[in-house]
Amino acid sequence: MKIQESCKGWTMEYEAQLLRDLTEPEAKALQGILHLAGDIVVSYTQLPEVDPTIKQMVLDNIAISLSETKDDILTTIDHALTMHAYHAPLEPGLQELDVFGFNLKEALQSVLKTDAEAAIAAEYFSSFNEEEGDDGDGPEDLQS
Amino acid sequence: MATGLKTYKVNLPNEIEATATLPDNLDSELVEMALQVVLGGLVALSKATAAPVRRDFLIRYLASVISNADTALHSVAMSNSVENSNQKKIIDELLENLDHDK
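Just so it is clear, the structure is predicted and the values come from calculations on it, not from any experiment.

Criteria and thresholds
- Residues numbered from 1 in each chain as written.
- Chains lettered and ligands numbered in written order.
- Predicted model: local features only at pLDDT ≥ 70, side-chain atom pairs only at ≥ 80, totals over all residues.
- Helix = DSSP H or I, 4+ residues; strand = E, 2+ residues; numbered from the N terminus.
- Buried ≥ 20, exposed ≤ 12 C-beta atoms within 10 Å, placed from the backbone.
- Contact = placed C-beta atoms within 7 Å.
- Pairing = 2+ DSSP bridges.
- Core = buried A, V, L, I, M, F, W, Y, C linked by C-beta atoms within 7 Å.
- Axes fitted to C-alpha atoms, helices over the stretch in contact; angles between N-to-C directions.
- Left-handed = near helix turned anticlockwise from the far one by under 90°.
- Nonpolar A, V, L, I, M, F, W, Y, C, P; charged D, E, K, R; others polar.
- pLDDT = per-residue confidence, 0-100.

### Re the overall build of chain B
Next up, step 1: Helices and strands together make up the secondary structure of chain B, namely 3 helices and 2 strands.
Next up, step 2: The N-to-C order of helical and strand elements in chain B reads β-β-α-α-α.
Next up, step 3: Residue burial in chain B is summarised as follows: out of 102 residues, 6% are buried.

Okay, here's the thing in structure tokens:
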């Protein structure tokens, strides 16, 4: 499978031997990443003829930024795997009833009398009053 | 794995005390300090003169303890899970993909 991307002044074809078929959201996000890379390269190559020192500084800073991004990506993946493990269902013997003798959230709710008290508890216990929902910050937001 | 139980007795000033029986594979010195600190926190809250303030602070204290207890539970589950999973292998392979020489 190939990913093709283009924009003003450049085209890109990304082909990897082991690239599997991508779902639409995956393809969209990865196209966005390649698009960004294409834009970065073209922004450098189309710099006007200026002092070579300036061009070198720009190139160095682009390289530094992308190296830092690479580190961030590794941290992000590690964090995602860790969070997945953190939120996975607890095994028997490690469930709240086994350890505490009650459900933490339910027990806390049962002793609070007002919404104001619930709001105070929520400041400290993050899953208290927690609601499911999209944070609106998914990969689809990469492309603008 | 816990191999048995151990009973701890902690004493605070003014005849405040608690006895707790816990798994015996935890560091005794740390367990005693934890019990003492949790109790001390309750004693401190009891010294608030206004009843609404006492309750407000006690709710904050309880929610904070619950939050830490919840973190402890999930952290242990996560640690046990990671030990038995291939997370390290996945990260190593990603590192190889991102950090290889051209």
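There is more to say after this.
### Brief notes about the overall build of chain A
Next up, step 1: A tally of regular secondary structure across chain A gives 5 helices and 2 strands.
Next up, step 2: Listed by position from the N terminus, the elements making up chain A come as β-β-α-α-α-α-α.
Next up, step 3: Restricting to contacts in chain A with at least 6 residues of sequence separation, those with at least 24 account for 43%.

### What to know about the pairing of strand 2 (residues 10-15) of chain A
Residue and element names in this part refer to chain A.
Next up, step 1: With 0 of its 6 residues buried, strand 2 lies for the most part at the surface.
Next up, step 2: In the sheet, strand 1 (residues 2-7) pairs with strand 2 via 6 bridges, with the strands oriented antiparallel. Residue pairing in the sheet places Ile-3 in a bridge with Tyr-14 of strand 2.
Next up, step 3: Where strand 1 hands over to strand 2, the hairpin turn is made up of 2 residues, of which Gly-9 adopts a positive phi near 90 degrees.

### What to know about the pairing of strand 1 (residues 5-12) of chain B
Next up, step 1: Counting buried residues along strand 1 of chain B, only 0 of its 8 residues qualify, which leaves the element largely exposed.
Next up, step 2: Here strand 1 of chain B hands over to strand 2 (residues 16-23) of chain B after 3 residues, with Asn-14 of chain B in that stretch at a positive phi of 65 degrees.

### Structural notes on the nonpolar core
Next up, step 1: Within the largest apolar cluster, 10 residues are counted, these being Leu-104, Leu-108, Ile-120, Ala-121, Phe-125 and Phe-128 of chain A together with Ile-59, Leu-62, Ala-63 and Ile-66 of chain B.
Next up, step 2: Listed by contribution, the elements that provide at least two residues to this core are helix 4 (104-111) and helix 5 (115-124) of chain A together with helix 2 (51-83) of chain B.
Next up, step 3: If you tally residues by element for this core, the top one is helix 2 of chain B, at 4 residues.
Next up, step 4: Those residues within four positions of Ala-121 of chain A in sequence are excluded, and the remaining contacts are Leu-108, Leu-112 and Phe-128 of chain A together with Ile-59 and Ala-63 of chain B.

### Focus: unusual backbone geometry
All names here are of chain B.
Next up, step 1: The residue Asn-14 is not glycine, and still its phi comes out positive at about 65 degrees.
Next up, step 2: Positive phi outside glycine occurs at Glu-15, with the angle close to 65 degrees.
Next up, step 3: By the secondary structure assignment, Glu-15 is in the loop between strand 1 and strand 2.
Next up, step 4: Exposure remark for Glu-15: the 6 C-beta atoms within 10 Å place this residue in the exposed category.

### Focus on the packing of helix 2 (residues 52-87) of chain A against helix 2 of chain B
Relative orientation and spacing of two packed helices are given, respectively, by the angle between their axes and the distance between those axes.
Next up, step 1: Between helix 2 of chain A and helix 2 of chain B, the least distance of the axes is 8 Å, while the angle of their chain directions is 115 degrees. Regarding helix 2 of chain A and helix 2 of chain B, the two cross each other, and that crossing is right-handed. Contacts from Thr-82, Ala-85 and Tyr-86 of chain A in helix 2 of chain A reach His-74, Met-78, Ser-81 and Val-82 of chain B in helix 2 of chain B.
Next up, step 2: Looking at the contact of helix 2 of chain A with helix 2 of chain B residue by residue, the classes come out as 4 nonpolar, 3 polar and no charged.

### So, the confidence of the model for chain B
Next up, step 1: On average, chain B scores 87 in pLDDT, and the residues at 70 or more come to 83%.
Next up, step 2: Model confidence for the complex is summarised by a pTM of 0.64, with the ipTM given as 0.77.

### Notes on the interface of chain A and chain B
Next up, step 1: Every contact between the two is made by 26 residues of chain A and, on the other side, 22 residues of chain B.
Next up, step 2: Elements supplying a minimum of two residues to the side of chain A that touches chain B: helix 2, helix 3 (96-99), helix 4 and helix 5 of chain A.
Next up, step 3: In terms of residues, the side of chain A that touches chain B owes the most to one element, helix 2 of chain A, which gives 8 residues.
Next up, step 4: Its residues assigned to classes, the side of chain A that touches chain B comprises 18 nonpolar, 3 polar and 5 charged.

### Concerning the environment of Glu-96 of chain A
Next up, step 1: If you trace the backbone, Glu-96 of chain A turns up in helix 3.
Next up, step 2: The contacts of Glu-96 of chain A, once residues within four sequence positions are left out, are Asn-103 and Leu-104 of chain A together with Leu-73 of chain B.

### Overview of the environment of Thr-21 of chain B
Next up, step 1: Looking at where Thr-21 of chain B falls in the secondary structure, it is placed in strand 2.
Next up, step 2: For Thr-21 of chain B and Tyr-8 of chain B, which are 13 residues apart along the polypeptide, the C-alpha to C-alpha distance reads 6.1 Å.

### A look at the environment of Ser-6 of chain A
All names here are of chain A.
Next up, step 1: Following the sequence through the fold, Ser-6 ends up in strand 1.
Next up, step 2: Of the residues examined, Ser-6 has 12 C-beta atoms within 10 Å and is grouped as exposed.
Next up, step 3: Taking the C-alpha atoms as reference points, Ser-6 and His-35, 29 residues apart in sequence, are found 7.1 Å from one another.
Next up, step 4: For Ser-6, the residues in contact, after removing those within four places along its chain, are Thr-11 and Met-12.

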